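Results of the structural survey
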Amino acid sequence: MTTSSSAAVPAPQVLATLWEQVHSKELPLPPLVRHGDVERHLKALKERAPELFQLEVVGHSVEGRALYHVSLGTGTRHVLLWSQMHGDEPTATTALLDFLEYVRTHREEPWVARLLTELTLHAVPMLNPDGAERFQRRNAQGIDINRDALALQTPEARALKGLRDRLQPFIGFNLHNQGWRHAVGRTGKPASISLLAAAFDEARSDNPGRVLAKKVCAVIRDAVETLVPGQVGRYDDSFEARAFGDNMTRWGTPSVLIETGPWPSREPDMPLVRLNFVALATALDALATGKAAEADVSRYESIPENQSSGLVYLLLRGVGLFGVDGKPFTADVGITVTREVRGKGKALELLHVGRVEELGDLRVLGALETVDGAGLFAVPVSGGNAKEGSTLRLTRPGQHAVKLGQRADLMLLKPLGEPFMYRIERVIRFDK
Ligand SMILES: [Zn+2]
């Protein structure tokens, strides 16, 4: 096999730039992408390059939405990639569509041509379209498809299992999102990408397939960390008897789990799609060239493990609070954010709901944003007219206690020296 430098996959930084060129501007933000968008996109790909793509329906969701399988390449080694078996975990669906578009528009590039000769790629973007429609984890039966690999009571799980049994892929990519509280080890850094070579038994044994999956994780780690140092975590590798990744590995399709996590900005979606794109392109190239087989397993095993409650969205460090008795005290306040999608059709809205999730000494937690609360008091926003810079009189501070679990619309107040008088320094608001 020749690997002249011109045939090499572009470096991660270059891939990140190339992604910008192919990312479909017609697609809404990943949480707002619906089955209809995926369907249109796949049909357009097929129409533009019928000789490159095969498109088939491998099943239907509970509510009758077609589950699409798109394949490309002529290699004897088959790779299966599936995304969004959890309906509210959308990032990789867009990344897959962007990657397919990249292959369509760049198939003359030596590394892409090699990919198509060495491998046959099979993708099922959005395995759980009914869940995606509601932006919920489970399917329309209320079943978690990723706990249905053995019982096979969901049509979505049956479609995936059927496809695996038919194709016998030598490796699989199981593409998910994880919550925004995940940190990389105890570093306090967001676990923007977490990786797992799924175990196939309780003992977490190795076999050649799982070792290959670990090596692919090592390749992805090294690519992604050049873009986001310290933001790659290792997912818990406990065996889950009902899950797809674990059973795929047991059935002979070792699975690489990619969990997309938090990102330190208010607009996390596109940077995370870009990271997924870089991860997939680099991993698939390494499988095509055989470089994956030479990767160093310790580069996977040394990734710090995810801490599932190691991070908050916004941390108010050392801020003054009022107890219900009116007495002031100092604490850190940890605010978490979850996303919801509301509305119908084209009028879908993505909302961010903030809650006070942690209170006290939070020095062990990381945060996507930290605010120094020294000299300030935090109180709930009361009324609709809280304006930064205006003054406020609080005669009964006990009525302005910040309580655990409440909505995190807060004001940061600076005492003005006169009794009960404060200036509003900052208003923190989330969507209702
Ligand atoms: Zn998931």
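Residues numbered from 1 in each chain as written. Predicted model: local features only at pLDDT ≥ 70, side-chain atom pairs only at ≥ 80, totals over all residues. Heavy atoms only, no water.

**Description of the sheet that holds strand β5 (residues 171-177)**
The mixed open sheet is built from eight strands, whose spatial order is β1-β2-β4-β3-β5-β9-β7-β8. Strands at the two margins of the open sheet, each flanked by one partner only, are β1 (54-60) and β8 (232-234). This sheet shows a mean twist of 20° between the axes of neighbouring strands, independent of strand direction. When strand β7 (residues 193-197) meets strand β9 (residues 255-260), the two strands line up antiparallel, connected through five bridges. Paired with L196 across the bridge in β9 is L257. In this fold helix α2 (residues 35-48) packs onto β1 and β2 (66-72), with an angle of close to 30° to the strand it touches most, β2. Along the sheet, helix α4 (residues 110-118) makes contact with β2, β3 (77-83) and β4 (119-124), crossing β4 at roughly 90°. (Pairing = 2+ DSSP bridges. Helix = DSSP H or I, 4+ residues; strand = E, 2+ residues; numbered from the N terminus. Axes fitted to C-alpha atoms, helices over the stretch in contact; angles between N-to-C directions. Contact = heavy atoms within 4.5 Å.)

**Focus: empty space enclosed by the protein**
As enumerated under the stated definition, the model contains one cavity of 30 Å³ or more in all. Its volume calculated, the largest cavity comes out at about 60 Å³. Along its surface, the largest cavity is lined by V70, L72, L81, L96, F99, L100, L121, H122, A123, L280 and L284. Counting only elements with at least two residues in the lining of the largest cavity, the list comes to β2, α3 (91-105), β4 and α9 (269-289). (1 Å grid on protein atoms, 1.4 Å probe; cavity = no way out; pocket = protein on both sides within 12 Å on 5 of 7 lines; lining within 4 Å. Points joined across faces, edges and corners; volume = space filled by probe spheres on them.)

**What to know about unusual backbone geometry**
Phi angles above zero are rare outside glycine, and Q84 is one such case at about 55°. One can find Q84 in the loop between β3 and α3. Given the relative accessible area of 2%, Q84 is considered buried. At M126, a residue that is not glycine, the phi angle is positive and equals roughly 65°. (Buried < 20%, exposed > 50% of the residue type's maximum accessible area, 1.4 Å probe, protein only.)

**As for the packing of helix α6 (residues 155-167) against helix α8 (residues 244-251)**
Axis separation between α6 and α8 bottoms out at 12 Å; the angle between their running directions is 25°. Between α6 and α8, the crossing angle belongs to the class labelled roughly parallel. Here α6 runs over α8; the crossing is right-handed. Listed contacts from α8 to A157, L160, K161 and R164 of α6 are F244, M248 and W251. (Parallel < 35°, antiparallel > 145°, perpendicular 65-115°, else oblique. Left-handed = near helix turned anticlockwise from the far one by under 90°.)

**Here's the deal with the pattern of salt bridges**
On inspection of all chains with the given rule, the structure shows 34 salt bridges. With a shortest N-O distance of 3.1 Å, D237 and R210 are connected by a salt bridge. Of the two residues, D237 sits in the loop between β8 and α8 while R210 sits in helix α7 (residues 208-227), which places them 27 residues apart along the sequence. Several salt bridges converge on common partners, so that one network encompasses R204, D206, R210, K214, D237 and E301. (Salt bridge = Lys/Arg side-chain N within 4 Å of Asp/Glu carboxyl O.)

**Points about the coordination of the zinc ion**
Of the protein atoms, only H86 (ND1), E89 (OE), E89 (OE) and H176 (ND1) coordinate the zinc ion, at distances of 2.0 to 2.6 Å. Given four donor atoms and angles of 54 to 149° at the metal, the environment of the zinc ion is assigned as irregular. Coordination of the zinc ion draws on donor residues from a single chain, spaced H-x2-E-x86-H in sequence. Of the two residues, H86 is situated in the loop between β3 and α3 and H176 in strand β5; the sequence distance between them amounts to 90 residues. The burial state of H86 is the same as that of H176; both residues are buried. (Donors = N, O, S within 2.8 Å, 3.2 Å for Na, K, Ca; no water. Tetrahedral: all angles 85-135°; square planar, octahedral: opposite > 155°, others 65-115°.)

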